[in-house]
Structure formats: C-alpha cells, structure tokens
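Remarks on the overall topology
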Amino acid sequence: MKLKILVGTMTSTADYVAQAIQMDCADLVPEIEVQLMDGLSISTFDAAPEEDAIYLICSSTYGQGDVPDNARMLYDSLDSEPRFLGHVRYGVIALGDRTYLQTFCFGGKKFDERLQGLGAQRIGEVWCHDASSGTLPETEGAEWCRQWLTTVLASTDHTETTT
C-alpha cells in the first residue's frame, strides 16, 4: 500500500504536518509520498487502484473558510470535471483556528464534502487541528495519522482476507 499525502497550504504548516507524518509513519506503510496540490486536478486520483494508494488530504484553511491558493485547481476540478471516485479511499487532516468558529477547518472539510459527493470512501473522521490550542499540528497530526493508518491497515487486511 502507498500513502499519498496531498497538501494544500499557504504558510507551509500543512506541508510540515505531512513531512512529520512521512517521517513518523514510515514503519507502517512501504511508501509515503508527500505532494503539494499545486497544478493537480481530479486526474490525480486515476491511478489509485494500480498503485494500491490511499490518500490523505492535509489542508489548511484560508481567508473566509477557503481552500489554500495552491489547492484551488484540484478543488475546482472536483466540481468542473466530476467523475465517480468510488475506488478512492482517503482521510482528511484539516487545519484551522477555532477563533474563526464559522469557518473552522473549512479547507479540509470542503475537500471531504466534494470527495464524498463523488463517491470516494472516507476512512475515519476528519481530524481537525486548532491553531489557537497551543499544540503543534505536526506532533498531533503524526500521532493521529499513526492511529488512522492502523485502522486503514486493519480494514485492508480484513477486506483482503474476506475476498
């Protein structure tokens, strides 16, 4: 299995979280690829079955609850080039600041909504980090991802043994 972390960021925080996951979780999966969303479109999900890939959307929130600028093209293509993504399994790390309660973690949540609308299968709940909490998103994100990957691997093993 391959973990592909797609990063939407304005200030590199989401990229730091993805890199921490890449280092901390390397013992759990054979390959972890971190990719900034710059220039990506919905076609980035086409190779999922061949690569046995699971995706992790790691996105900050910008402005009035928007996805980051580097993620805009991918996000918009999920709407402008819709196709069934039932073969895509994914998780979401959403970064935000709870002082902006009306739009807290909307960058990641918006990706989740669009992916589910296209039939993609989210594994687990969306994990939200609050920048105003005083905790490091890299540390907490890596800890969450270890637990999440354990769930992913258990569900994958169960699926393979029952088919």
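Before reading further, recall that the structure is shown in the block above.
Report follows, based on the coordinates. (Residues numbered from 1 in each chain as written. Predicted model: local features only at pLDDT ≥ 70, side-chain atom pairs only at ≥ 80, totals over all residues. Heavy atoms only, no water.)

Overview of the overall build of the protein chain
When helices and strands are counted, the protein chain shows 5 helices and 6 strands. What you see in the protein chain, going N to C, is helices and strands ordered as β-α-β-α-β-α-β-α-β-β-α. Scored against the burial criterion, the 163 residues of the protein chain give a buried share of 47%. Computing the positive centroid from 11 side-chain charges and the negative centroid from 25, the protein chain places the two 5 Å apart. (Helix = DSSP H or I, 4+ residues; strand = E, 2+ residues; numbered from the N terminus. Buried < 20%, exposed > 50% of the residue type's maximum accessible area, 1.4 Å probe, protein only. Lys, Arg positive; Asp, Glu negative; His and termini not counted. Charge placed at Lys NZ, Arg CZ, Asp CG, Glu CD.)

Regarding helix α4 (residues 106-117)
Between its terminal C-alpha atoms α4 stretches 16 Å, which fits the 16 Å expected from 12 residues at 1.5 Å a residue. Gly 107, Gly 108, Phe 111, Asp 112 and Leu 115 are the residues of α4 that are buried. All buried residues of α4 fall inside an arc of 135° around its axis, so they share one side. In α4, the exposed positions that point more than 90 degrees away from the buried face belong to Glu 113 and Gly 117. Elements in contact with the buried residues of α4: β3 (53-59), α3 (72-80), β4 (89-96) and β5 (121-122). (Expected span 1.5 Å × (residues − 1). Arc of directions from axis to C-beta. Contact = heavy atoms within 4.5 Å.)

Some details on the pairing of β3
Of all the 7 residues making up β3, 7 are buried; the element is thus mostly covered by neighbouring parts of the structure. Residues Ala 53, Tyr 55, Ile 57 and Ser 59 point to one face of β3 and Ile 54, Leu 56 and Cys 58 to the other, with burial holding for every one of them. As paired elements, strand β1 (residues 2-8) and β3 share 7 bridges and run parallel to each other. Along β3, the bridge assignment pairs Ile 5 with Leu 56. Strand direction decides the pairing type here: β3 and β4, joined by 5 bridges, are parallel. Note that in β4 the partner of Tyr 55 across the bridge is Tyr 90. The parallel pair β3 and β4, bridged by α3, forms a crossover whose chirality is right-handed. (Pairing = 2+ DSSP bridges. Right-handed = clockwise from strand over helix to strand, strands pointing away.)

Quick notes on the packing of α3 against α4
Pairs of packed helices are described in terms of their axes, by the angle between the two and the distance that separates them. Two numbers describe how α3 lies on α4: the axes approach to 10 Å, and their chain directions differ by 30°. Judged on the interaxial angle alone, α4 and α3 are roughly parallel. Like other packed secondary-structure pairs, α3 and α4 cross with a definite hand, here left-handed. Facing Leu 74, Tyr 75, Asp 76, Leu 78 and Asp 79 of α3, the residues of α4 in contact are Lys 110, Phe 111, Arg 114 and Leu 115. Residues belonging to the contact of α3 with α4 are distributed by class as follows: 5 nonpolar, no polar and 4 charged. (Axes fitted to C-alpha atoms, helices over the stretch in contact; angles between N-to-C directions. Parallel < 35°, antiparallel > 145°, perpendicular 65-115°, else oblique. Left-handed = near helix turned anticlockwise from the far one by under 90°. Nonpolar A, V, L, I, M, F, W, Y, C, P; charged D, E, K, R; others polar.)

Some points on the pairing of strand β2 (residues 31-36)
On a regular strand, one side chain projects to one face of the sheet and the next to the other, so that they alternate. In this sheet, β2 lies alongside β1 in parallel orientation, the contact comprising 6 bridges. Bridged to Ile 5 within β2 is Val 34. With helix α1 (residues 13-24) bridging β1 and its parallel neighbour β2, the resulting β-α-β unit is right-handed.

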